[in-house]
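# Geometric and topological summary
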Amino acid sequence: MKTIRSQTPLRLGLAGGGTDINLYCDKYIGYVLNATISLYIHCTLIERDDNKIIFDSPDTNSYAEYESNTYLKNDGKLDIFKAVYNRIVKDFTHKPLSFSLHTYSDVPSGSGLGGSSTLVVGMIHAFVEWLNLPLGEYDIAKLAFEIEREDMGIVGGAQDQYAATFGGFNFMEFYDKKRVIVNPLRIKNWIVSELEARTVLYFTNITREAKDIEEHKKGKLGDEKSLEAMHAIKQDAISMKEALFKADFDTLAKILGSSWKSKKIISEIVSNDELERIYELAMQNGAYSGKTSGAGAGGFMFFLVDPTKKYRLIELLNKEQGYVQDFYFTKEGAKSWKL
C-alpha cells in the first residue's frame, strides 16, 4: 500500500490583495505581490483496499468515513475534501478510489494566510503524486481555483492557489477568463533576510470566515470610493515590487500603511476595535506600518519594524490575547513524495 505526503506553504499577502477577485480583474486586470512562508499545510494520503474513503482533519476535530463511490455528496463534514475527490474522479480516474486522507495546518483556520486554498492545493498534489496525473504548476493552481470558487461557490480570489503551488516571491497578473501569469521575483538573499529582520507576524487570535468578508467587499465594488481604493491597492503591488528590488524599506513601509488604509475604505468590516488597538500599540513601539494578511477582520497581522526595537515589540505583543509567530520566507512551492 502506497503512502503519499505533501507539504504546501502558506503565504503573506504583501500588496494588491483583492484585485485577484473576478469581479475586479475581469474588467481592470489585477496585480498581486505575495511570498510564501515557513508555515505549512501537511497532507498524508494512504492507499486502502477495503472500498472505504476516510477523511481526517485532527486540527479541526473533523473526521468522516464513506463507502467508496464515484461521487461523494456534501453532508457538512469536510465537504472541501469531497470536492477535491469528486473532481479527481470526474476529470481523471472515472472510477472510485479507496484511501484515507489526513491533514493538518501549522496555523488555525481562518487566519488570513490562504489556508483553505493551500489545503486544496496540498490535497491535489497528493493525488497527482499517487495517480501520476499529468498536471503542471499552472494546471494544479487552476484546478484548485475551480474546485474552491466554482464547484464549491466560495467567494474569493486566485492568488492563494497560485502562491501555494509556485512558492517564493511572486508578482502575479490576473486577467479575464481565469488567465493568470506568475512572475517569480529574484530578490537578493540579503534583501529577503533584511525583510525578515524587519517583519513581525502576529496572530490576533480572532479567526473569521474569509468568504464573508469577500462577499461584503464584492457588494462594495460598485461604489466609486471603493473602486478607487481598489485601483490604489493594485498600484501598491507595482510600487512595492520596485521598492523590494531596490531594498527601499522606507518606501515599502509607506506602501504597506497606505494599502491598509485603502483596504478599510473598500470594506469597513476588515478592521475592528481590537485590530486598531493592536496596530496603535505596534506603531508606538517600533513599527513603521502594518496590515492584516488576507481578507482582514482578524487572523494574522504583520508589521514592518525597526529591527533594534523588534524584540521589545514581540515581548509586548506576546502579552496580548494573540501571539507572535516565528517564520522565514521560503523559495519552494507545494511538494509531494511517495514513501
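Above this text is the structure in question.
Presented here is an overview of the structure given in this document. One numbering rule holds for all chains: residues counted from 1, following each sequence as written. Reporting of local features is limited, given that this is a predicted model, to residues whose pLDDT is at least 70; pairs of side-chain atoms are given and counted only at 80 or more, and all residues count toward the totals for whole chains, interfaces and linings. To get the side-chain values, take all heavy atoms of the structure and skip hydrogens and water.

Here the phi dihedral of K177 falls at roughly 55°; this positive angle occurs in a residue that is not glycine. In DSSP terms, a helix is any run of H or I states spanning at least four residues, a strand is any run of E spanning at least two, and both are numbered starting from the N terminus. Along the chain, K177 falls in the loop between β6 (169-174) and β7 (180-184). Look at N205: it is not a glycine, yet its phi comes out positive at around 70°. Among the secondary structure elements, N205 is positioned in the loop between β8 (199-203) and α7 (210-220). Relative accessibility thresholds used throughout: buried, under 20% of the residue-type maximum; exposed, over 50%; partly exposed, between the two (1.4 Å probe, protein chains only). On the basis of relative accessibility, which here comes to 45%, the residue N205 falls in the partly exposed class.

Attention shifts here to the packing of aromatic side chains. What counts as a ring pair is set by centres within 6.5 Å for rings of Phe, Tyr and Trp (its six-membered ring), and what kind of pair is set by the plane angle: stacked under 30 degrees, edge-to-face over 60, tilted for all other angles. For the structure on display, the rule yields 18 aromatic pairs. Pairing F99 with F127 gives two aromatic rings, centres 5.3 Å apart and planes at 90°, and the pair type is edge-to-face. Taken together, the positions of F99 in strand β5 (residues 99-105) and F127 in helix α3 (residues 115-131) put the pair 28 residues apart, joining distant regions of the chain. Both residues of the pair, F99 and F127, belong to the buried class. An angle of 45° between the planes, with centres 4.9 Å apart, marks the rings of F203 and F300 as tilted. Taken together, the residues F203 in strand β8 and F300 in strand β10 (residues 300-305) connect sequence positions 97 residues apart. Classification of F300 as buried rests on a relative accessible area of 0%.

As a further point, take helix α2 (residues 79-93). The span expected for a helix works out to 1.5 Å for each residue beyond the first. The end-to-end C-alpha distance of α2 is 20 Å, a good match for the 21 Å that 15 residues give at a rise of 1.5 Å each. The buried fraction of α2 amounts to 12 of the 15 residues, a majority that puts the element mostly inside the structure. Along α2, the residues classified as buried are D79, I80, F81, K82, A83, V84, Y85, N86, R87, I88, V89 and T93. Residue contacts follow a heavy-atom distance rule, with two residues in contact if any of their heavy atoms lie within 4.5 Å. Each element contacted by the buried residues of α2 is listed here: β3 (52-57), β4 (62-67), β5, α3 and α4 (137-151).

Before going further, it helps to examine the pairing of β10. Among the six residues in β10, six count as buried, and that is most of the element. The alternating pattern of β10 places F300, F302 and L304 on one face and M301, F303 and V305 on the opposite face, and all of these are buried. Here a strand pair is declared whenever DSSP counts at least two bridges between the two strands. Examined bridge by bridge, β8 and β10 share five bridges and lie antiparallel to one another. Within the sheet, the bridge partner assigned to V200 lies in β10 and is F303.

Think of it this way: side chains of opposite charge can pair up when their charged atoms draw near. Criterion for a salt bridge: a side-chain nitrogen of Lys or Arg within 4 Å of a carboxyl oxygen of Asp or Glu. Under the criterion given, the structure shown has 20 salt bridges. The shortest N-O distance in the salt bridge between R277 and E274 comes to 3.2 Å. With R277 and E274 both in helix α10 (residues 273-283) and three residues apart, the pair spans about one turn of that helix. The exposure class of R277 is partly exposed, given its relative accessible area of 40%. Ionic contacts of the salt-bridge type, sharing partners, join the residues R87, D91, K142, E146, E150, D151 and K178 into one network.

Here we come to the nonpolar core. Membership of the largest hydrophobic core comes to 71 residues, with the highest contact counts inside it found for F55, F99 and F169. Residues in contact with F99, not counting those within four places in the same chain, are L45, I46, E47, R48, K52, I53, I54, F55, Y85, F127 and W130. L281, A282, F303 and V305 belong to the second-largest nonpolar core, a separate cluster that totals 16 residues. Residues belong to one nonpolar core when they are buried, are Ala, Val, Leu, Ile, Met, Phe, Trp, Tyr or Cys, and are joined through side-chain atoms within 4.5 Å.

Structurally, E173 can be placed in strand β6. Among the residues examined, E173 registers a relative accessible area of 15% and is labelled buried. Taking the C-alpha atoms as reference points, E173 and V107, separated by 66 residues in sequence, lie 28 Å from one another. Residues contacting E173, with those up to four places away along its chain left out, are G30, Y31, R179, V180, I181 and N183. Polar contacts involving the side chain of E173 include one to the side chain of Y175, which spans 2.4 Å. Polar contacts, as counted here, are pairs of nitrogen or oxygen atoms within 3.5 Å of one another; within protein the pair requires one atom able to donate a hydrogen and one able to accept it, and residues that are adjacent in sequence qualify only if both atoms are side-chain atoms.

One can find E280 in helix α10. Judged by its relative accessible area of 40%, E280 falls in the partly exposed class. Separated by 10 residues in the primary sequence, E280 and G290 have C-alpha atoms spaced 10.0 Å apart.

So, about the side chain of S98. Looking at where S98 falls in the secondary structure, it is placed in the loop between α2 and β5. Since its relative accessible area comes to 10%, S98 is described here as buried. A distance of 2.9 Å separates a polar atom in the side chain of S98 from the backbone oxygen of K52. Aside from chain neighbours lying at most four places away, what touches S98 is E47, R48, D49, D50, N51, K52, S68 and W130.

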